[in-house]
Amino acid sequence: MSQLIKNGAAAVDSWHPLEIGDGETAETVALPAGDILFPLAVWQARKSELAGRERIGLLLQPDDKVEDVADDVARFALIAVNFPKFVDGRGYSTAALLRQRYGYTGELRAVGNVLHDQLFFMKRVGFDSYALTDGKNLAYAIERGFSPFGNAYQGATDQPQPYFRRRA
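Just so we're clear, the structure is a prediction, and the values are computed from it rather than from any experiment.

**Things to note about the layout of surface pockets**
Thought 1: Considering only enclosed or pocket space, the largest pocket measures out at about 260 Å³ in volume.
Thought 2: Around the largest pocket, the lining comprises 13 residues; the ones closest to its centre are S2, D13, P17, L37 and V111.
Thought 3: In terms of residue class, the lining of the largest pocket is built from seven nonpolar, four polar and two charged.

**Examining the nonpolar core**
Thought 1: One finds I79, F127 and Y130 to be the most contacted residues of the largest nonpolar core, which totals 37 residues.
Thought 2: Beyond its immediate chain neighbours, meaning those up to four positions away, F127 contacts V81, F83, G91, A95, L108, R109, A110 and M122.
Thought 3: W15, A80, V111 and A131 belong to the second largest nonpolar core, which has seven residues in total.

**Remarks on the side chain of T133**
Thought 1: Along the chain, the position of T133 falls in the loop between β8 (129-132) and α4 (138-144).
Thought 2: A distance of 3.5 Å separates polar atoms of two side chains, one belonging to T133 and the other to N113.

**Brief notes about the pattern of salt bridges**
Thought 1: Per the counting criterion, the structure on display carries ten salt bridges.
Thought 2: Residues D35 and R55 are paired through a salt bridge, measuring 2.9 Å at the closest nitrogen-oxygen approach. Taken together, the positions of D35 in the loop between β3 (16-17) and β4 (36-39) and R55 in the loop between α1 (40-50) and β5 (57-60) put the pair 20 residues apart, joining distant regions of the chain.
Thought 3: Taking relative accessible area as the criterion, R55 reaches 36% and is therefore assigned partly exposed.
Thought 4: With its nearest N and O atoms 2.7 Å apart, the salt bridge here joins R90 to D88.
Thought 5: Classification of R90 by relative accessible area gives partly exposed; the value is 38%.
Thought 6: When its relative accessible area of 12% is taken as the criterion, D88 is described as buried.

**Here's the deal with the sheet that holds β4**
Thought 1: Spatial strand order, β2-β1-β8-β7-β6-β5-β4-β3: eight strands in an open sheet with mixed pairing. Two strands close off the open sheet at either side, each with one partner strand: β2 (9-11) and β3.
Thought 2: Across the face of the sheet, α1 comes into contact with β4 and β5 while running at roughly 115° to β4.
Thought 3: Contacts between helix α2 (residues 90-101) and the sheet are confined to β5, β6 (78-83) and β7 (107-112), with β6 contributing the most and set at about 160° to the helix.

**Re the pairing of strand β1 (residues 3-6)**
Thought 1: In this structure, β1 lies alongside β8, joined through four bridges in antiparallel fashion. Residue pairing for β8: K6 is matched across the bridge by S129.
Thought 2: By the bridge criterion, three bridges tie β1 to β2 in an arrangement that is antiparallel. When the sheet's bridge partners are listed, L4 is paired in β2 with A11.
Thought 3: Turn length for the β1-β2 hairpin, with the two strands adjacent in sequence and antiparallel, is two residues, and the turn residue N7 shows positive phi of about 55°.

**Examining the packing of aromatic side chains**
Thought 1: Enumeration over the complete set of coordinates arrives at five aromatic pairs.
Thought 2: With a centroid separation of 5.2 Å and 85° between ring planes, the pair formed by F120 and F121 is classed as edge-to-face.
Thought 3: Using a relative accessible area of 40% as the deciding quantity, one classes F121 as partly exposed.
Thought 4: One aromatic cluster is present, formed by F83, Y92 and F127 through successive ring pairs.

Rules used throughout
- Residues numbered from 1 in each chain as written.
- Predicted model: local features only at pLDDT ≥ 70, side-chain atom pairs only at ≥ 80, totals over all residues.
- Heavy atoms only, no water.
- 1 Å grid on protein atoms, 1.4 Å probe; cavity = no way out; pocket = protein on both sides within 12 Å on 5 of 7 lines; lining within 4 Å.
- Points joined across faces, edges and corners; volume = space filled by probe spheres on them.
- Nonpolar A, V, L, I, M, F, W, Y, C, P; charged D, E, K, R; others polar.
- Core = buried A, V, L, I, M, F, W, Y, C linked by side-chain atoms within 4.5 Å.
- Buried < 20%, exposed > 50% of the residue type's maximum accessible area, 1.4 Å probe, protein only.
- Contact = heavy atoms within 4.5 Å.
- Helix = DSSP H or I, 4+ residues; strand = E, 2+ residues; numbered from the N terminus.
- Polar contact = N/O pair within 3.5 Å; in protein donor to acceptor, adjacent residues only side chain to side chain.
- Salt bridge = Lys/Arg side-chain N within 4 Å of Asp/Glu carboxyl O.
- Pairing = 2+ DSSP bridges.
- Axes fitted to C-alpha atoms, helices over the stretch in contact; angles between N-to-C directions.
- Phe/Tyr/Trp six-rings, centres within 6.5 Å; stacked < 30°, edge-to-face > 60°.

Next comes the structure, spelled out in structure tokens:
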């Protein structure tokens, strides 16, 4: 079980990803109750069944297109973006699109291979919770992961104004 950082502090994670087993499809997998992160394929196939739930979570993979959920982003209490490998940066673009283009205001979580040296950059594009990779030092990540630099020069989701504009 991964360690969760939410709003800059350790937190308890109540969300669980829905696993599609062998022989199951998005159309046939059982939909458990509770705080579940549904893969995009399940959301697309069973949207009418899931729409009545109080809290819906969505799990996006690197190949998933944000445009496929653009009209539905307000329905999700949580959108988790998977980082399968350290070198796969597509999740950064996904987060920026969700926040800046599609106006998603709910919880945006980085999951998968999330390391402390990525947290600063993940926060910049709009993530506000992070499922830190198992075995990593949670206290160190919270203490050092979000502030490796004093000031960021470029504008981003967390600070739209570039540094030279903030100084003026």
